[in-house]
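Residue-level structural notes
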Amino acid sequence: MRTLLLVLALSASVAAQTEAIRLNQVGFYPDGPKVAVVVGAGEVAVSIRPEGGGDAVWTGTLGPARTWSASGETVRRVDFSDVTAPGTYVVEVDGVGASYPFEVREAVHEQAARAALKSFYFQRASTDLPEAFAGPWARVGGHPDTQVLVHASAATAERPTGTVLSAPKGWYDAGDYNKYIVNSGISVGTLLSLYEWEPGYVTAFEVGIPESGDAVPDLIDEALWNVRWMLAMQDTDGGVYHKLTTANFEGEVAPDQATATRYVVQKGTAATLDFAATMAQASRIATDFPDALPGLADSLRTAALDAWTWARANPSVRYDQGALNAAFDPNINTGEYGDGSFADEFDWAAMELYLTTGADSFRTAVGGFPTGGVGLPYWGGVRELGVHSLLAHRADLGPEVNGAALEQSLLAMADRFVGALSSTPYGVPMGIDSWNFGWGSNSVAANQGVALLIAHRLTGDRDYLDAAIASLDYLLGRNATGYSFVTGVGDKTPQNPHHRPSRALTRNPRFYDGPIPGLIAGGPNPGQQDGCAGYPSSLPARSYTDVWCSYASNEVAINWNAPLVHLAVGIEAALSATGGPVDAEPGAEAVDLGLSVSPNPAAGPATVRFRLDEAGDVTVRLVDLLGREVRRAHNGPLAAGPHTVALAAAGLPAGVYVVHLGTPTGAASRALTLVR
Ligand code: G3I
Ligand code: 9MR
């Protein structure tokens, strides 16, 4: 009997890990909501235990069974928000198993937020990414974009077909290497909006990019990388080219190997207005940094006004790739971002220009700003971006703008999302409307969270913030796929995103450290337009597959990552006790390649192996994504030959780190992902 009890006690503390328990794989705030969803269990007992065993710190019972038609699952929820003591825990469900370990602590999403913003650095075109900033994902630059041809569809007397333009920099749109103005607009706008709402926190938020430490916040520096490219996409008449693109998608190769001719193609009303809005907003923000960004605010404002003037004269020029290909060669077969309704683009541009210039003529030009109907933004529906800007500046609005009505409309939507926390099986806003699951559905979840954050900022009401956290919980694991959709963030994360730079790294004969971190996959999409084999289900909430070929569910894109940044950074900002990130020290250090690290130590030290060709002083350090040292495993002389060094990782927050090895003859780095 004693033996049996002992066995039971032991087995209780080593319950097998199961994917049937879905929860935010990163963790929870001490005073925040904490919910897990369990698939296929009865009304059984639940306990929260320290990782690695030990006495339960909380016990309870699973809630009532509920069926989600979007996933075809019957699930039960458990709310363990009463667990407030910082630590690393698992959820154990009787007869089901144990969850992935998760943390309870302040600033629990700070690393995830950093990774999400840093991913934009990894999307930069026209530049080397040195190891000092890119660690094991370093690469030589591609796409200088200094010899871009004017496509026949964009030809003018001043710039005839074949004219050579220079339009370097910018971010790659997604898993492909093209640069699209329409999608750039919403992405930059979403990031800049975060700065306008949270200037204090964002100013102190560093992510280890070449500009870190300058007088401009990293988020603004990063956005300007794309803005400076956008400026070059404006034709001399004020109109803006729809995109800078190859004729066809490039192969599965690294940027420097993707060398097909690049074109700027037809100007269009949507691109020109998205450009006008973005430049107007960026101009407003640039005035905060007159010394660091001399003259930029004026240049951006002029560009915005010229674009506005062009769009007013050309109010319905659609980018229709089929029509374009019927008329011009070479045919263009890359992403379309086609959109035939321009009222929302006019509104967005007018709202940003109104805020930036103070001139009421922009408002009257669109017949007055709408006062209701606030929904969620997406690349083809951008009015909300302007609404968010108006609300961010509501204290300065003139009587001609009905900010109160816009606020009420946004709050009405946010209230519905809050209602979803109790009314839906997973307790998340995502899926509240059936259209939520489409191509890039994770951006819907992220944008729901952003809307909730704005509601929280407007009212101070904690319910909105908790619902925004639920949206982040969805993205980081409390969903019907069991994935945390952000590369390198969580335990079960996308390994094969449709992302050419990551894909190309898998071909690196020396090593592969996993996909570039901080990128969010598109997510469940029952359209399954890629026709890939291997989708686990055709049900909306489960139509996701982590394979390269699944560009309809597993691609990444800047307009999906931008609301993730806004959501994760925004939550951290809202809950920051100090008004700034916990760790704000910038820094990065140059290194080369070449060592091995034991993968993903769940607990205990990581094992670092390397070989020295000659004796000398050696450092083995663990740094975070900013290049900041968080652990030092060795610092001193070592003999020539093979070495094994233990690197203590206990106590560090989960996330992506880099092991740096410094030797007299060279340096090396490898990724180390800590999961808990
Ligand atoms: O607007 C209709 C809606 O009326 C209809 O009810 C719904 C039902 O399917 O479809 C809606 O259209 C969808 C459209 O996006 C707008 O949301 C299309 O089905 C859907 O196929 C389309 O997907 C877009 C995809 O390109 C294909 O064009 C994605 O939004 C867009 O994010 C994606 O973008 C690509 C770029 O073209 C190229 N670079 C990568 C990027 C990400 O995959
Ligand atoms: O790689 C492309 C991806 O970036 C796009 O979002 C997607 C839809 O336009 O298309 C992908 O390219 C595929 C092409 O459309 C069809 N042949 C296979 C390509 C992926 O390898």
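Note that this is a predicted model, so its numbers are computed, not measured.

1. Description of helix α12 (residues 383-392)
- In terms of residue burial, α12 counts as a mostly covered element, since eight of its 10 residues are buried.
- By the burial criterion, the buried members of α12 are E384, L385, G386, V387, H388, S389, L390 and L391.
- Lining the buried residues of α12 we find α4 (181-197), α7 (269-286), α10 (343-357), α13 (403-423) and α14 (441-459).

2. A look at unusual backbone geometry
- Cis geometry is found at the peptide bond from D329 to P330, where omega equals -10°.
- Its place among the elements puts P330 in the loop between α9 (321-327) and α10.
- Positive phi, normally seen in glycine, also occurs at D145, with a value near 55°.
- With respect to the helices and strands, the residue D145 is situated in the loop between α3 (131-134) and β11 (148-150).
- You will see that Y337, though not glycine, has its phi angle at about 45°, which is positive.

3. Observations regarding the layout of surface pockets
- The computed volume of the largest pocket comes to approximately 800 Å³.
- Taken together, the elements giving at least two residues each to the lining of the largest pocket come down to α14 and α17 (558-575).
- Per element, the largest residue contribution to the lining of the largest pocket is four residues, and it comes from α14.
- In terms of residue class, the lining of the largest pocket is made up of 15 nonpolar, 12 polar and five charged.

4. Some words on the pattern of salt bridges
- The tally for this structure, following the rule as stated, stands at 24 salt bridges.
- The shortest N-O distance in the salt bridge between D145 and R262 comes to 2.9 Å. Of this pair, D145 sits in the loop between α3 and β11 while R262 is found in the loop between β14 (243-245) and β15 (263-264), placing the two residues 117 residues apart along the sequence.
- Of the residues examined, R262 reaches a relative accessible area of 5% and is grouped as buried.
- Three or more residues are tied together by salt bridges with common partners; here these are R159, D235, D237 and K267.

5. Overview of the site of ligand 1
- Around ligand 1, a shell composed of 13 residues is seen, among which D173, D176, W379, W439 and E555 lie nearest.
- Measuring from an oxygen atom of ligand 1, one finds a side-chain N or O atom of W439 at 3.0 Å.
- The separation between an oxygen atom of ligand 1 and a polar side-chain atom of Q529 is 3.5 Å.
- Compared with its free state, where it exposes 780 Å², ligand 1 has 53% of that area covered by protein.
- Structurally, ligand 1 is housed in the largest pocket.

6. Let's talk about the pairing of strand β7 (residues 73-79)
- The pairing of strand β3 (residues 35-39) with β7 spans five bridges and is classified as antiparallel. Within the sheet, the bridge partner assigned to A36 lies in β7 and is V78.
- Pairing analysis gives three bridges linking strand β6 (residues 66-68) to β7, with the strands arranged antiparallel. Residue W68 lies in a different strand from β7, and its bridge partner there is E73.
- In sequence, β6 turns back onto β7 through a hairpin of four residues, with G72 there showing a positive phi of about 70°.

7. What about the packing of α14 against helix α15 (residues 462-475)?
- Between α14 and α15, the least distance of the axes is 8 Å, while the angle of their chain directions is 160°. Considering their axes alone, α14 and α15 lie roughly antiparallel with respect to each other. Judged by the twist between their axes, the crossing of α14 over α15 is left-handed. Between α14 and α15, the residues in contact are N442, A445, A446, Q448, G449, L452, L453, A455, H456 and T459 and R462, Y464, L465, A467, A468, S471, Y474 and L475, respectively.
- Its residues assigned to classes, the contact of α14 with α15 shows 11 nonpolar, six polar and one charged.

8. As for the pairing of strand β21 (residues 655-663)
- The buried count for β21 comes to eight of nine residues, which makes it a mostly enclosed element.
- Direction of pairing for strand β18 (residues 616-623) relative to β21: antiparallel, over a ladder of five bridges. Across the sheet, residue R621 finds its bridge partner in β21, namely H660.

Criteria and cut-off values
Residues numbered from 1 in each chain as written. Chains lettered and ligands numbered in written order. Predicted model: local features only at pLDDT ≥ 70, side-chain atom pairs only at ≥ 80, totals over all residues. Heavy atoms only, no water. Buried < 20%, exposed > 50% of the residue type's maximum accessible area, 1.4 Å probe, protein only. Helix = DSSP H or I, 4+ residues; strand = E, 2+ residues; numbered from the N terminus. Contact = heavy atoms within 4.5 Å. 1 Å grid on protein atoms, 1.4 Å probe; cavity = no way out; pocket = protein on both sides within 12 Å on 5 of 7 lines; lining within 4 Å. Points joined across faces, edges and corners; volume = space filled by probe spheres on them. Nonpolar A, V, L, I, M, F, W, Y, C, P; charged D, E, K, R; others polar. Salt bridge = Lys/Arg side-chain N within 4 Å of Asp/Glu carboxyl O. Near = heavy atom within 4 Å. Polar contact = N/O pair within 3.5 Å; in protein donor to acceptor, adjacent residues only side chain to side chain. Areas by Shrake-Rupley, 256 points an atom, 1.4 Å probe, with all protein chains shown as cover. Sits in = over half its atoms within 2 Å of the grid points. Pairing = 2+ DSSP bridges. Axes fitted to C-alpha atoms, helices over the stretch in contact; angles between N-to-C directions. Parallel < 35°, antiparallel > 145°, perpendicular 65-115°, else oblique. Left-handed = near helix turned anticlockwise from the far one by under 90°.

Keep in mind these numbers describe shape, not what the thing actually does.
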